[in-house]
Every structure is written in C-alpha cells, then in structure tokens.
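Chain by chain, the residues run as shown.
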Amino acid sequence: MKAVAALPLLLMLGACAATPKPSGQLSTYDGLATREGAVRTGLAQRKAEVRVASVAIEPTVVVAGPKTAWLTDAERALLAREADAQLCFEFTERYALAASPAEADARVRAVITRVEPTGRVASALSAASGFFIPGPIGLRVPGATGGLGAEAEMLDRQGRQLASVVWTRDAQPLGTDNPSLSRLGDALQLIEPFADAAAAAATPEGLKSRKIGDDDPCAAYGPRLRPEGFLAKMATGLYVPNLSGAKGVETTTPKTAEAR
C-alpha cells in the first residue's frame with residue numbers, strides 16, 4: 001500500500017526538468033547547449049575551453065523581478081551570502097582565488113533570477129512524518145517545496161565570456177531536499193548544486209581539483225562542512241538556515257539589479 005501511495009510522487013520525480021529561460025542578465029547567451037532529459041535540473045551551459053590560473057568572484061546579485069519581488073532585504077542578503085560562499089567553495093577547488101579583481105585572470109559573476117518559497121506548515125508536517133518513515137530518502141507533503149533559478153558566467157580580463165550556465169531546479173516531494181520552517185529553506189539548499197554546476201561549466205577538460213589546506217581562502221564564510229546543520233536535521237528533521245548556511249557578516253547590503 002505504501003508503494004502505491006508513493007507512486008504519484010515517484011512519477012513526479014521522474015519527470016523531466018523544465019528548460020531554463022535566459023533572464024538577459026549575462027553578457028551573452030551565445031554557445032549555450034541545453035542538457036536534454038534531465039530528471040531534476042534544467043541546465044543550459046557553455047563549457048570553458050581555456051584554462052586560467054586565478055579568479056575573482058563578484059558579489060551575487062538578486063535580480064529584481066516578479067519571481068523575487070516577495071523577498072525582504074534580509075532574505076535577499078541571506079541568499080546572496082550563501083551563493084557567494086558556495087561559489088567560493090566550488091571555484092577554489094579548481095582555481096586560485098585572486099587577492100583582488102585587478103590581479104585575477106578571470107572574474108565570476110552570478111545572478112539569482114527566481115526564488116520559490118518553501119511551505120512552512122507543510123514542511124512541519126513533512127518533518128513530523130520523517131520520524132515515522134525513517135531513511136535517507138525523505139517524503140514531503142506536496143505543496144511544501146520551493147525552487148531556485150540562477151545564472152553565472154566567467155569572463156576574462158577583456159570581458160569575453162569563457163563559460164556560462166543558466167540553471168533552474170525545484171525541490172522534490174520525494175528525495176533528499178529537507179523540509180524547512182524558513183520560506184527560503186529549499187532555495188538555500190539548492191544554491192550548492194547551482195554553484196557546483198557553474199564551477200563545472202568553468203572547468204575545461206583535464207583540469208584537476210586543487211587541495212584546500214588549513215588556510216582556506218573562503219574562511220570568511222565559515223567551514224565548508226557544517227556539522228551543526230546536519231545535527232539539527234537529525235534532531236528535528238528540518239533544514240535550519242542559521243545553522244546550515246554560510247557564516248553571516250555584521251552589515252550586508254544586498255545588491256539588486258533591475259530586470260531587463
């Protein structure tokens with residue numbers, strides 16, 4: 001009976017992801033190739049063909065538009081901070097982080113274009129059900145899931161685009177996306193796979209990963225592994241942003257770009 005009840009969710013999980021639509025915020029969309037048949041993620045990318053030694057990562061911009069109009073300034077800052085952190089984590093596994101933009105061989109810029117809220121009440125019900133249906137694959141109440149759309153590009157010193165991604169994903173009722181009492185819960189969790197996709201597109205064939213030592217260039221964002229967030233999930237069944245997300249700063253002014 002449980003298998004029959006879960007069948008609609010399984011079918012939903014197996015559906016192909018929507019094709020991402022360019023927002024117009026990147027310098028160009030030439031050369032983008034859409035990945036067909038993706039299960040969860042809509043992805044169009046332009047893969048890097050040349051190597052650079054170092055990068056500078058610009059502050060992430062939350063684009064002003066109908067898909068982000070409901071966000072408060074504090075929520076915009078939280079999303080941007082998490083994106084900055086995850087992009088730093090991912091790109092420094094491939095490239096050295098330049099001391100300043102003027103010294104970088106390339107710069108990375110990212111924009112968040114779509115944020116769908118996480119349903120708080122349904123998430124609480126999902127967390128409660130998790131205690132009765134234990135396991136690594138969670139079952140969430142339909143209507144509780146949020147989503148994220150974002151874009152990124154890597155530009156050389158002359159402003160020529162070397163790589164780019166247009167990315168979109170919605171959290172799934174059945175899977176490893178954790179419920180959250182924060183309406184940003186799913187969007188915050190989805191930033192990490194977006195950053196990974198952006199860094200992967202900016203990685204030419206044959207480029208090996210760099211080892212991150214004790215002197216982490218991204219230390220300002222806190223540790224790369226966040227055990228307190230994992231422990232909170234184990235205890236409550238919920239994703240808790242202030243325990244799982246990037247380390248905050250005392251003063252953060254979110255950057256907003258007008259939709260084009």
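We now turn to the structure provided with this report. (Residues numbered from 1 in each chain as written. Predicted model: local features only at pLDDT ≥ 70, side-chain atom pairs only at ≥ 80, totals over all residues. Heavy atoms only, no water.)

**Topic: the pattern of salt bridges**
- Scanning all chains against the criterion turns up 12 salt bridges.
- The salt bridge partner of Arg183 is Glu75, with a shortest N-O separation of 2.6 Å. In this pair, Arg183 is assigned in the loop between β10 (174-175) and α4 (185-201) and Glu75 in helix α2 (residues 73-91), connecting sequence segments 108 residues apart.
- Linking Arg94 and Glu90 is a salt bridge whose minimum nitrogen-to-oxygen distance equals 3.1 Å. (Salt bridge = Lys/Arg side-chain N within 4 Å of Asp/Glu carboxyl O. Helix = DSSP H or I, 4+ residues; strand = E, 2+ residues; numbered from the N terminus.)

**Concerning the nonpolar core**
- Among the nonpolar cores identified, the biggest contains 38 residues, and Val55, Leu79, Phe91, Ile112, Val115, Leu148 and Met154 are the most heavily contacted of them.
- Ranked by the residues each element gives to this core, the list is headed by α4, at 10 residues.
- Listed in part, the 6 residues of the second largest apolar core include Cys88, Phe89, Cys218 and Ala246. (Core = buried A, V, L, I, M, F, W, Y, C linked by side-chain atoms within 4.5 Å. Buried < 20%, exposed > 50% of the residue type's maximum accessible area, 1.4 Å probe, protein only.)

**Notes on the packing of α2 against α4**
- Interaxial distance between α2 and α4 falls to 9 Å at its minimum, and their mutual angle equals 35°. As for the relative orientation of α2 and α4, their crossing is right-handed in sense. Between α2, through Leu78, Leu79, Glu82, Ala83, Gln86, Leu87, Glu90 and Phe91, and α4, the contact on the second element is made entirely by Ala187, Leu188, Ile191, Glu192, Ala195, Asp196, Ala198 and Ala199.
- In the contact of α2 with α4, the residues fall into 11 nonpolar, 1 polar and 4 charged. (Axes fitted to C-alpha atoms, helices over the stretch in contact; angles between N-to-C directions. Left-handed = near helix turned anticlockwise from the far one by under 90°. Contact = heavy atoms within 4.5 Å. Nonpolar A, V, L, I, M, F, W, Y, C, P; charged D, E, K, R; others polar.)

**Examining α4**
- Compared with the 24 Å implied by 1.5 Å per residue over 17 residues, the 26 Å span of α4 between its first and last C-alpha is a close match.
- Where α4 bends most, the angle comes to about 25°, and this point is Ile191, followed within four residues by the proline Pro193.
- Among the 17 residues of α4, 14 are classified as buried, and the element is accordingly described as predominantly covered. (Expected span 1.5 Å × (residues − 1). Bend = angle between axes of the 7 residues up to and from the residue.)

**Points about the side chain of Glu75**
- Note on Glu75: relative accessible area 13%, which makes it buried.
- Setting aside anything within four residues of it in sequence, one finds Glu75 in contact with Trp70, Arg183 and Leu184.

The quantities given are spatial measurements derived from coordinates; they are silent on function.
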